[in-house]
Amino acid sequence: MIRVNSLGHRFSPDSPWIYQGIDFQLKQGECLAILGPSGSGKTVLLKSLAGLILPAEGSVKIETQDLGMLFQKNALFDSMTALENLLFPLREKKSFSIAEAKERSLEMLKSVGLEASAHLFPDELSGGMQKRLGLARAWMMEPEVLFYDEPTAGLDPVTSRSIAALMRQRARDLGTTSIVVTNEVARALQLGDSVALLAAGRLTSPLSPDAFSQSQDESIRQFIEGRLVGPLTRTRENGALE
Amino acid sequence: MSLRFVEVRKSFGERTVLDGLSFETRAGEILFLLGRSGVGKSVTLKHLVGLIRPDSGKIYIDQLEVTALNEEELGPVRRKCGMVFQHPALLDSLSVRANVGFGLRQDVQARPFTAAEETRIRHCLDLVHLGPEILDRKPPELSYGMQKRVSLARTLAPGPEILLFDEPTTGLDPIATEAVNELIRDLSRNLQVTSIVVSHDMKSALSVADRILVLDAGRILALGSPAEIRASQAPLIRDFLSEVLAQEVRS
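Residues numbered from 1 in each chain as written. Chains lettered and ligands numbered in written order. Predicted model: local features only at pLDDT ≥ 70, side-chain atom pairs only at ≥ 80, totals over all residues.

S.K.: How do you make sense of unusual backbone geometry when you look at a structure like this?
M.R.: Excluding glycine, most residues fall at negative phi; most peptide bonds, likewise, are trans. We note that Glu150 of chain A has phi near 50 degrees; this positive angle belongs to a residue other than glycine. Note that Glu150 of chain A resides in the loop between β6 (145-149) and α5 (157-174). Even without being glycine, Ala89 of chain B reaches a positive phi, approximately 50 degrees. Examined against the element boundaries, Ala89 of chain B turns out to sit in the loop between β6 (81-84) and α3 (96-101). Residue class for Ala89 of chain B comes out exposed when judged on the 12 C-beta atoms lying within 10 Å of it. (Helix = DSSP H or I, 4+ residues; strand = E, 2+ residues; numbered from the N terminus. Buried ≥ 20, exposed ≤ 12 C-beta atoms within 10 Å, placed from the backbone.)

Shown next, in the form of structure tokens:
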């Protein structure tokens, strides 16, 4: 479904490469979880894959144009209620009657546990509720490919785990192909069919969650264990974006 | 300094957030407040500095009853409490020097810093392991981790006796998290301040806290040392612990 070849990016010809030489393939229905320290370029990579940033080199081929994205800060419409935030894409893109669109939106709100908050505006929702609303909106259009930028950042571990379980369930039900970037190791292992680490400008080869968590790669070990000393820390102090 | 909550109750509309909360910190300890989102952790912190008033109950800092003070009398109390926010919240148009100096006085652009103020600014940067070479840089030129340290240096500038951290490691990667944890330990040891850390990061709590207080439904579910919390059989605590324990096994 997704084929990435020698992908690299920098913001101008004189600036340093953020990452280079990224190659991977993803089959339909699979999920790749990309871990990495803050500033390693995870969001830039995700936007490059989603076509929101034109890569400086290499190529991204996706077998569909039906793409969706969950932004790190949710990008909800502040002037619309939770329900209106879901109705908006349906009414813009698909030809549902108002009654049908409303029914589908309410159903979706229920599935993320927000049925009692349909009439509230985003700033009346807690951070976790805003995140669930962002997810619901990304799911409304049932895209074939979904890009998630830090879908569980800032949530408590119990909520975070239940949202990740919901993400997996939906992907399985609808056959959605997904790429998730996160800096939470436990979430990457829960969500990904394969997991890779973006650090020091390179993406490690995607590994199964078990193989990733047992990897002896020094960067992966330092990241998983959260050690201050190791190859990643040196790179970060040498001026990698943070 | 020690802090004491006595039967503190607080509701917002129909929702009871704190339901008779009572606990006491020991001078110089690091106490983690842990719990699910929306359980009243930040509300507890805000009560301490009088930003939120309880519906009933009393709060003491040493022998002083904070809940009996008016807005004017709260000024000196707030100066003793350094609040460290989740995001650095620095002023992007000002240098690092002025941002840290802002903790000493707010008219940083009106006149240059005195020699004593400059010494204090450098000392506070040193406490968070930053050198004088960044004094003239502006926040956008620094990494996020460095910005968080500058923000902490600003909080330390007026010499707080209590440090209140609001989710200091939320959203940070594991390495940056460990760097922040090490800072909390260092500051507590070197300055002998009492620290309260609001968090839902069980791994950090187990490695940094002297004691952990777990809040649930407005009440204390558990209060004890990391070892005691580790041994707890309460389902919520087991839930919080599960991934930490799984990772320890993997490592």
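There's plenty left to go through after this.
S.K.: Is there a simple way to explain the confidence of the model for chain B in this structure?
M.R.: In regions of low pLDDT, the predicted coordinates are not meant to be interpreted in detail. In the predicted model, chain B carries a mean pLDDT of 91, and the fraction of residues at 70 or more is 100%. The ipTM, which scores confidence in the relative placement of chains, is 0.80 for this predicted complex, and the corresponding pTM is 0.83. (pLDDT = per-residue confidence, 0-100.)

S.K.: What is the right way to look at the nonpolar core in this model?
M.R.: Note that soluble globular proteins tend to have their nonpolar side chains buried in a common cluster. If you look at the biggest cluster of nonpolar residues, it comprises 125 residues, and the most contacted ones within it are Ile34 and Ala136 of chain A together with Ala153 of chain B. By residue number, the principal contributor to this core is helix α4 (residues 127-140) of chain A, which donates 7 residues. For Ala153 of chain B, the residues in contact, after removing those within four places along its chain, are Val100, Cys124, Leu125, Leu127, Val128 and Leu130 of chain B. (Core = buried A, V, L, I, M, F, W, Y, C linked by C-beta atoms within 7 Å. Contact = placed C-beta atoms within 7 Å.)

S.K.: Help me understand the environment of Leu198 of chain A in this model?
M.R.: Residues and elements named next belong to chain A. Position of Leu198 among the secondary structure elements: in strand β8 (residues 194-199). You can call Leu198 buried: it has 22 C-beta atoms within 10 Å. Sequence separation between Leu198 and Tyr19 is 179 residues; the distance between their C-alpha atoms is 8.3 Å. With residues near it in sequence (within four places) discarded, Leu198 still touches Tyr19, Ile34, Gly36, Ser40, Gly41, Lys42, Leu45 and Leu203.

S.K.: For this particular structure, what's the right way to read the interface of chain B and chain A?
M.R.: With 25 residues of chain B at the contact, the number on the chain A side is 26 residues. Within the residue set of the side of chain B that touches chain A, elements represented by two or more residues are α5 (144-156), α6 (174-191) and α9 (235-250) of chain B. Here the side of chain B that touches chain A gets 7 residues from one element, more than from any other, and that element is α6 of chain B. Its residues placed into classes, the side of chain B that touches chain A shows 8 nonpolar, 10 polar and 7 charged. (Nonpolar A, V, L, I, M, F, W, Y, C, P; charged D, E, K, R; others polar.)

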